[in-house]
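Architecture at a glance
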Amino acid sequence: MKKFFNKLLLVFIAGAVITSCKKITNETNINPNQPVNLSTGYALTSALQFLGGTAGGNATTNINSAAGELYSQYLSETFYNNESRFALAQYDYQTYYTGPLADLQQIITFNTDAATKDLATTVKFGSNANQIASARILKAFIFLTITDRWGDIPYSEALKGNKNLSPKFDAQKDIYTDLFKELTEAQAQFDDGATLSGDILFNGDNTKWKHWANTLRAVMALRLSKVDALTGSAEFKKAVADGLMTSNDDNATYHYLAEQNNENPFFGNYRSRYDYAVSDQVVDRLKTNADPRLPLYAEKTAGGTYVGLPYGAAGDELDGYTVGNRDVSQGIFRPGNVSQISLVYSNQSTPTTWTSYAQTLFAEAEAAHLGWIPGGDAAAATFYTNAITQSLAQNGVTGTPVTTYLAKAGVVFNPATAVEQIITQKWLANYLGNGWESWAEYRRTGFPKLLDPVPTALNTDKHIPRRQQYPQSENDLNKANYNEVIARQGPDALSTHVWWDK
């Protein structure tokens, strides 16, 4: 009997030890700083910050990236000028997928899945419908940026995690079709439930999200003006019917802060590097019509004038220009002989506008001129004039200077040169906003008449690129799909045109 009790005691002790070890192991493997469930509002904030150039964003993935502004010739490079001379061909889009797109897909999943849609970490950031709708719109905006930069891209098979590590490349035409659907459905999905939290773009305003989605649809519709005008016209009409932006209050504006972790990227660059000056393409056009935005876009030189750095300047020519420097904390400016970006556009907390009401009106002006919406050139002239007025107002210019500028011979609407005028003024209005958008519009229309070809360019044909090359990782890790897309779209080169670029 004693032996029996001893054996029983040993079994009890062994069981207790195993249970304790299991408990210790389980608790040890739980990171108290790593939440089990996603806090969806933080994921939305993270995605927006990425696009603004913070929280993982970089020089080529934030929306007002230097690369986009250089392709659009808003800026010229002062020292290392490989990017403005198109020496850099491959750009990596992987961080779009692993960063904001992954965050937004998680928001959609957590607000859809029955196991997570009612969790406190989900519903505290807004109703399920409002979170899904905003995430779909922001996803569409990012995918639009990616496809307009690279052409055919991973889309329908992307964001599957380990389920598919070699996604196919969808044709840009098919991507556009699906983005029209996504934006149309998403803008109709908002409900009257709890407002969004974590929304640092529109502060939880559903109407502004809707207007942005519909304006993006109008922007996309005009991309089709040369490749599929019938679809473009139909989609534009639908977007107008659902409601475009109605004032500068609707602008999709990203607000930087007066602190180094979330500051305007050009302020950060001017802290020590001074890589950029305002280009001659901008300064000379503003001077031509005595544009009141000139002192808001550029700083004066040491000579008290505005001088743009010639785009693509290199070698001995570049050595003759100096941008100067500044110490904003001390209020000290040391100008050179070419204009720095003005403090209005390069202060630490200077915001940047990704899509504006002025852009919306310019789109309506072109649509009216094309006959896509009623009113013909009379309506186009009204939209065009209002667009310039709103761009000036966005920059704090009102009253007599507006009237004077609109009366300039080079500004008054002329139906014979309508598209050139509309796109050139849209380009001016989008200064240091969304450079990728201006580059896309240049490729679509050929306006404004930028320096093209660039004599000092290092790419083969010296022309402004028509697309960017895929990251090397696609050739290395997704070879079969990479070969397939090259066969379909054309050489993986800067000179290959994307689908809508005819």
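The text that follows walks through the structure, step by step, so that each part is easy to find. The structure presented is a predicted model; accordingly, all values stated were derived computationally and were not measured.

1. Overview of the overall build of the chain
Along the backbone of the chain there are 21 helices and eight strands. For the chain, the spread of C-alpha atoms along the three principal axes comes to 115 × 50 × 50 Å. Evaluated residue by residue, the chain yields a buried proportion of 53% over its 502 residues. Look at the contacts in the chain between residues 6 or more apart in sequence, and 72% of them connect residues 24 or more apart. In the structure as shown, the chain presents an accessible area of about 21200 Å², 55% of it carried by carbon and sulfur atoms. Across the chain, 42 positive and 49 negative side-chain charges occur, with their mean positions spaced 6 Å apart.

2. Here's the deal with the nonpolar core
One broad trend across soluble globular proteins is that nonpolar side chains are buried collectively. Counting 133 residues, the largest nonpolar core has L138, I146 and W212 as the members making the most contacts within it. Examining the composition of this core, we find that 12 residues originate from one element, helix 6 (residues 128–150), more than from any other. Once residues within four sequence positions are removed from consideration, L138 is found in contact with L44, A47, L48, L51, L104, W209 and W212.

3. Some words on the packing of aromatic side chains
Counting across every chain of the model gives 32 aromatic pairs. Relative to Y256, the ring of Y254 has its centre 4.9 Å away and its plane inclined at 70°; by these criteria the two rings are edge-to-face. For the residue pair Y254 and Y256, the accessibility class agrees, reading buried in each case. The residue whose ring lies beneath R443 is W439, and the NZ or CZ to ring-centre distance is 3.7 Å. In this arrangement the basic side chain of R467 is found over the ring face of Y470, its NZ or CZ atom lying 4.7 Å from the centre.

4. As for the pattern of salt bridges
Side chains carrying opposite charge are able to pair once their charged atoms draw close together. Tallying each qualifying case throughout the model produces 21 salt bridges. Where R223 meets D148, a salt bridge forms, and the shortest distance between an N and an O atom there is 3.0 Å. Within this pair, whereas R223 is found in helix 8 (residues 206–223), its partner D148 is found in helix 6, the two being separated by 75 residues in sequence. Look at R223 and you get buried, because its relative accessible area is 1%. What makes D148 buried here is its relative accessible area of 4%. With a shortest N-O distance of 2.8 Å, R293 and D291 are connected by a salt bridge. The exposure classification of R293 matches that of D291, with both residues buried.

5. Some thoughts on the packing of helix 11 (residues 280–288) against helix 18 (residues 418–429)
Where helix 11 meets helix 18, the closest approach of the two axes is 11 Å, and the angle between their N-to-C directions is 115°. On the basis of their axis angle, the class for helix 11 and helix 18 is roughly perpendicular. Seen along the crossing, helix 11 lies across helix 18 with a hand that is left-handed. Note on element contacts: helix 18 touches helix 11 through T424, W427 and L428, opposite Q281, V282, R285 and L286. Residue composition of the contact of helix 11 with helix 18, grouped by class: four nonpolar, two polar and one charged.

6. Structural notes on the packing of helix 6 against helix 19 (residues 435–445)
At a closest axis distance of 10 Å, the pairing of helix 6 and helix 19 adopts a crossing angle of 45°. Judged by the angle between their axes, helix 6 and helix 19 are oblique. Of the two possible hands of crossing, helix 6 and helix 19 adopt the one that is left-handed. Of helix 19, the residues touching helix 6 (which contributes T145, D148 and R149) are W436, W439, A440 and R443. Of the residues belonging to the contact of helix 6 with helix 19, the class tally is three nonpolar, one polar and three charged.

7. What to know about the side chain of S76
Summarising the element assignment, S76 is placed in strand 1 (residues 75–77). For S76, the side chain forms a polar contact with the main-chain oxygen of L309, separated by 2.8 Å. Residues contacting S76, with those up to four places away along its chain left out, are L70, D275, Y276, A277, S279, L309, P310 and Y311.

8. Brief notes about helix 9 (residues 229–242)
Helical geometry note: an α-helix holds 3.6 residues per turn, so side chains three or four residues apart project in the same direction. With 14 residues, helix 9 extends 20 Å from end C-alpha to end C-alpha; this agrees with the ideal 20 Å at 1.5 Å per step. Those residues of helix 9 lying buried are G232, S233, E235, F236 and A239. Contacts made by the buried residues of helix 9 are with helix 7 (172–187), helix 8 and helix 15 (357–370). Two residues or fewer after helix 9 comes G243, characterised by a positive phi angle close to 110°.

9. Describing the side chain of R217
Mapped onto the elements of the fold, R217 is located in helix 8. Engagement of the side chain of R217 in a polar contact is seen with the side chain of D242, the distance being 2.8 Å. In this structure R217 touches F180, L183, T184, Q187, K238, A239 and D242, once residues within four positions along its chain are discounted.

10. Topic: helix 11
Restricting attention to buried positions, one finds in helix 11 the residues D280, Q281, V282, V283 and L286. Looking at the buried residues of helix 11, the elements they touch are strand 5 (276–278), helix 12 (294–297) and helix 18. A distance of 3.2 Å separates the backbone nitrogen of Q281 from a side-chain oxygen at the start of helix 11, and that oxygen is part of S279.

11. Quick look at unusual backbone geometry
Cis geometry marks the peptide bond from F447 to P448, where omega comes out at -5°. Here D452 and P453 are connected by a cis peptide whose omega angle stands at 5°. Mapped onto the secondary structure, P453 falls in the loop between helix 19 and helix 20 (472–477). We note that L432 has phi near 50°; this positive angle belongs to a residue other than glycine. By the secondary structure assignment, L432 is in the loop between helix 18 and helix 19.

12. What to know about empty space enclosed by the protein
In this structure the tally under the stated criterion is two cavities of 30 Å³ or more. By volume, the largest cavity is sized at about 100 Å³. Lining the largest cavity are 13 residues, and of these F141, L144, R223, N434 and E437 lie nearest its centre. Looking at the lining of the largest cavity, the elements that each hand over two or more residues are helix 6, helix 8, strand 8 (352–355) and helix 19. Each residue belonging to the lining of the largest cavity can be placed in one class, and the counts come to six nonpolar, four polar and three charged. Considered as a void within the structure, the second largest cavity measures approximately 30 Å³ in volume.

Cut-offs used in this document
Residues numbered from 1 in each chain as written. Predicted model: local features only at pLDDT ≥ 70, side-chain atom pairs only at ≥ 80, totals over all residues. Heavy atoms only, no water. Helix = DSSP H or I, 4+ residues; strand = E, 2+ residues; numbered from the N terminus. Buried < 20%, exposed > 50% of the residue type's maximum accessible area, 1.4 Å probe, protein only. Contact = heavy atoms within 4.5 Å. Areas by Shrake-Rupley, 256 points an atom, 1.4 Å probe, with all protein chains shown as cover. Lys, Arg positive; Asp, Glu negative; His and termini not counted. Charge placed at Lys NZ, Arg CZ, Asp CG, Glu CD. Core = buried A, V, L, I, M, F, W, Y, C linked by side-chain atoms within 4.5 Å. Phe/Tyr/Trp six-rings, centres within 6.5 Å; stacked < 30°, edge-to-face > 60°. Lys NZ or Arg CZ within 6 Å of the ring centre and 35° of its normal. Salt bridge = Lys/Arg side-chain N within 4 Å of Asp/Glu carboxyl O. Axes fitted to C-alpha atoms, helices over the stretch in contact; angles between N-to-C directions. Parallel < 35°, antiparallel > 145°, perpendicular 65-115°, else oblique. Left-handed = near helix turned anticlockwise from the far one by under 90°. Nonpolar A, V, L, I, M, F, W, Y, C, P; charged D, E, K, R; others polar. Polar contact = N/O pair within 3.5 Å; in protein donor to acceptor, adjacent residues only side chain to side chain. Expected span 1.5 Å × (residues − 1). 1 Å grid on protein atoms, 1.4 Å probe; cavity = no way out; pocket = protein on both sides within 12 Å on 5 of 7 lines; lining within 4 Å. Points joined across faces, edges and corners; volume = space filled by probe spheres on them.

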